[in-house]
Amino acid sequence: MTSFEQGWLEEGWRHVWLPYAQMQTAPLPLAAVRTAGSKIHLADGRVLVDGIASWWTSCHGYNHPHIIAAVTAQLQDMPHVMFGGLGHEPAYRLATRLAKLMPGTLNRVFFSDSGSVAVEVAMKIAVQARLNRGERGRTKVLAFLGGYHGDTFGTMAICDPEEGMHSLFAGLLQEHPVIALPRDAPSIAAFELFLEEHAGNLAAIIVEPLVQGAGGMVFHAPEVLQRLRAAADHYGLTLIFDEIFTGFGRTGTMFAFEHAGVLPDIVTLSKALTGGTSPLAVTIATDELFAAFLSDSAGTALQHGPTFMANPLGCAAANAGLDLFETEPRLAQAAAISAQLSRELAPCRELPGVRDVRVLGAIGVVQLERIENPAALRMALVEKGVWVRPFRDILYLTPALTIAADELAVLTRAIFEVVAAA
Ligand SMILES: *Cc1c(COP(=O)(O)O)cnc(C)c1O
């Protein structure tokens, strides 16, 4: 209450620049002062049930005591220390645990501080591994329409061309091929033809496994991933799975690739990695890729090193998060959420203006014909006591995996009611 009355929001509003917002028309944001579990407390005393877990990060719920305790202890000992030349237990332990969690030879962990940078590092590893082996001219990364891999210039180039604003920034962006996901007969034929003609220029294929998240929560079958793996093997390409959204139980398994029974050569993780506590990302590569960087020459070393690389607070949060996956029933919770989402969102199918209702793991989507005014819809949802952020033509729920059944019911009911009223 008090901070709100001090006017920090109105004063700061003249100075902040919001994400993805037309600042001329953007409404003043809601003032958030406290989080707990699946709830966001506002400065004016209202409490919202959170349907999106702060952009899919807080998978254990906000302020989980085990994570808070781990980060608090780390904060006392060593909030940060540079990673070049100094090692610390939180990061070395986390790397060991992530390597154990990953199947196959996905054993080498590179730390960074955001998902976009983790993807940039994945691209750099794929391309430089070839250069290190003396293979020139294979610098392109094949990506897919509807995909999203980040907002930096390198990752914009492998996003969906519209999402990545390819035409606006034409000439400035790297040029990578972006084609349809091979999901049906025509797109499979086009994919195979594309590879026959262009595989010689490619270093890698990148995909968000099972769910294109920021592109509109569009699902694809596990067979698509098997097809990509087979093609990558056939043409000797590095396969990158961007699990920044799908990782850590979101699709019902710990990682989305488990649905398909195939492994990538590189995995990127972030979002839920620290349970939404602080920014941290990792790029995990196979032993085989790592080996391509070993030589007697500094010239073949991976040239990357974020200032806050492997920040100990983030690593402590991530280790505590991994503890929770071991000690609390997260995947069972994801399954229960999945069943409840299927049951409670199904009635939306009968409403006018609804194009599709779909659920995968702890992701529930109601797709409309169109959303004219996402901000108005968002405020209608706030009136009902929920925090949901409609975008494109969808309303979606990606709650904390720890959300209580009655809280989830508040979310699904609010979505039904605003769609019915629209
Ligand atoms: C969010 C996201 C990113 C980018 O992560 P940032 O931390 O926002 O840079 C990349 N890939 C996928 C699949 C994402 O969902």
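All values reported here derive from a predicted model rather than from experimental measurement.

## Let's talk about the site of the ligand
And then number 1: Taken together, W56, S114, G115, S116, Y148, H149, G150, E208, D242, I244, F245 and K271 are the residues near the ligand.
And then number 2: G115 has a polar backbone atom sitting 2.8 Å from an oxygen atom of the ligand.
And then number 3: When isolated, the ligand has an accessible area of 380 Å², and the protein chains bury 84% of it.
And then number 4: Taken together, the residues of the shell around the ligand break down into four nonpolar, five polar and three charged.

## A look at helix α13 (residues 330-345)
And then number 1: Across its 16 residues, α13 extends 22 Å between first and last C-alpha, which sits within 8% of the 22 Å expected from 1.5 Å per residue.
And then number 2: Those residues of α13 lying buried are R330, A334, I337, S338, Q340, L341 and L345.
And then number 3: On its buried face, α13 is in contact with α12 (312-327), β13 (354-360), β14 (363-368), β16 (394-397) and α15 (405-421).

## Focus: the nonpolar core
And then number 1: With 114 residues, the main nonpolar core has F111 and I415 as its most contacted residues.
And then number 2: Ranked by residue count, the leading element in this core is helix α6 (residues 115-132), at nine residues.
And then number 3: For this core, the domains that each give at least three residues are domain 1 (37-60 + 329-421) and domain 2 (65-327).
And then number 4: Once residues within four sequence positions are removed from consideration, I415 is found in contact with L345, C348, V366, L381, V388, L395 and L397.

## Description of the domain arrangement of the chain
And then number 1: The domain boundaries assigned to the chain delineate domain 1 (37-60 + 329-421) and domain 2 (65-327).
And then number 2: Centre-to-centre separation of domain 1 and domain 2, based on C-alpha positions: 27 Å.
And then number 3: Of the residues lining the interface, 26 residues belong to domain 1; the matching set on domain 2 comes to 27 residues.
And then number 4: Summed over both partners, the interface of domain 1 with domain 2 comes to about 2100 Å²; 69% of that surface belongs to carbon and sulfur atoms.
And then number 5: Taken as a group, W56, H60 and L360 account for 31% of the area that domain 1 buries against domain 2, more than any other trio of residues on that side.
And then number 6: Counting the contacts that link domain 1 with domain 2 gives one salt bridge.
And then number 7: Linking domain 1 with domain 2 are eight residue pairs in polar contact (both at pLDDT 80 or more).
And then number 8: Where the side of domain 1 that touches domain 2 is concerned, the elements lending two or more residues are α3 (53-56), α13, β13, β14 and β16.
And then number 9: Here the residues of the side of domain 1 that touches domain 2 are counted per class, giving 18 nonpolar, five polar and three charged.

## Examining the sheet that holds strand β1 (residues 32-36)
And then number 1: Strand order in the open sheet formed by four strands is β1-β2-β3-β15, with mixed pairing between adjacent strands. At either end of the open sheet lies a strand with only one pairing partner, and these are β1 and β15 (386-387).
And then number 2: Taken together, the two bridges between strand β3 (residues 47-50) and β15 define a ladder with parallel strand orientation. By the bridge assignment, D50 is partnered in β15 with W387.

## Side note on empty space enclosed by the protein
And then number 1: All chains considered together, the criterion is met by one cavity of 30 Å³ or more.
And then number 2: If you add up the space inside the largest cavity, you get close to 40 Å³.
And then number 3: Taken together, W56, C59, I244, F245, G247, F248, R250, K271, A272 and L401 form the lining of the largest cavity.
And then number 4: For the lining of the largest cavity, a count of residues per class yields seven nonpolar, one polar and two charged.
And then number 5: Here the lining of the largest cavity spans two domains, since at least three of its residues come from each of domain 1 (37-60 + 329-421) and domain 2 (65-327).

## Looking at the packing of aromatic side chains
And then number 1: Going through the model one piece at a time under the given rule, you end up with eleven aromatic pairs.
And then number 2: Within the aromatic cluster, the residues linked to one another by ring pairs are W56, F245, F391 and Y396.
And then number 3: R358 extends its terminal NZ or CZ atom over the ring of F219, reaching a point 5.6 Å from the ring centre.

## Things to note about the side chain of T283
And then number 1: Relative to the elements of secondary structure, T283 occurs in strand β12 (residues 281-286).
And then number 2: Take T283: its relative accessible area is 1%, and that puts it in the buried class.
And then number 3: Of the polar contacts made by the side chain of T283, one reaches the backbone oxygen of A118; its length is 2.8 Å.
And then number 4: Once residues lying within four places of it in the same chain are set aside, the contact partners of T283 are R108, V109, F110, A118, V121, A122, I125, I266, V267 and T268.

## What to know about the layout of surface pockets
And then number 1: Of the pockets and cavities examined, the second largest pocket occupies roughly 510 Å³.
And then number 2: What lines the second largest pocket is a set of 19 residues, among which R108, V109, F110, F290 and L302 lie closest to the centre.
And then number 3: Where the lining of the second largest pocket is concerned, the elements lending two or more residues are α5 (89-101), β4 (106-112) and β12.
And then number 4: Ranked by the residues each element gives to the lining of the second largest pocket, the list is headed by β4, at five residues.
And then number 5: By residue class, the composition of the lining of the second largest pocket is 15 nonpolar, three polar and one charged.

## A closer look at the pairing of β16
On a regular strand, one side chain projects to one face of the sheet and the next to the other, so that they alternate.
And then number 1: Of the two faces of β16, both are covered, the one formed by I394 and Y396 as well as the one formed by L395 and L397.
And then number 2: The pairing of β14 with β16 spans four bridges and is antiparallel. Residue V365 lies in a different strand from β16, and its bridge partner there is Y396.

## Brief notes about the packing of α13 against α15
And then number 1: In the contact formed by α13 and α15, the axes pass within 10 Å of each other and the chain directions differ by 30 degrees. Of the possible angle classes, the one that applies to α13 and α15 is roughly parallel. Considering the relative orientation of α13 and α15, their crossing is right-handed. Along the contact surface, α13 presents I337, Q340, L341, E344 and L345, while α15 presents A405, L408, A409, T412 and I415.
And then number 2: Looking at the contact of α13 with α15 residue by residue, the class counts come to seven nonpolar, two polar and one charged.

What counts as what
- Residues numbered from 1 in each chain as written.
- Predicted model: local features only at pLDDT ≥ 70, side-chain atom pairs only at ≥ 80, totals over all residues.
- Heavy atoms only, no water.
- Near = heavy atom within 4 Å.
- Polar contact = N/O pair within 3.5 Å; in protein donor to acceptor, adjacent residues only side chain to side chain.
- Areas by Shrake-Rupley, 256 points an atom, 1.4 Å probe, with all protein chains shown as cover.
- Nonpolar A, V, L, I, M, F, W, Y, C, P; charged D, E, K, R; others polar.
- Helix = DSSP H or I, 4+ residues; strand = E, 2+ residues; numbered from the N terminus.
- Expected span 1.5 Å × (residues − 1).
- Buried < 20%, exposed > 50% of the residue type's maximum accessible area, 1.4 Å probe, protein only.
- Contact = heavy atoms within 4.5 Å.
- Core = buried A, V, L, I, M, F, W, Y, C linked by side-chain atoms within 4.5 Å.
- Domains from an automatic or database assignment.
- Buried area = accessible area lost by both parts, 1.4 Å probe.
- Salt bridge = Lys/Arg side-chain N within 4 Å of Asp/Glu carboxyl O.
- Pairing = 2+ DSSP bridges.
- 1 Å grid on protein atoms, 1.4 Å probe; cavity = no way out; pocket = protein on both sides within 12 Å on 5 of 7 lines; lining within 4 Å.
- Points joined across faces, edges and corners; volume = space filled by probe spheres on them.
- Phe/Tyr/Trp six-rings, centres within 6.5 Å; stacked < 30°, edge-to-face > 60°.
- Lys NZ or Arg CZ within 6 Å of the ring centre and 35° of its normal.
- Axes fitted to C-alpha atoms, helices over the stretch in contact; angles between N-to-C directions.
- Parallel < 35°, antiparallel > 145°, perpendicular 65-115°, else oblique.
- Left-handed = near helix turned anticlockwise from the far one by under 90°.

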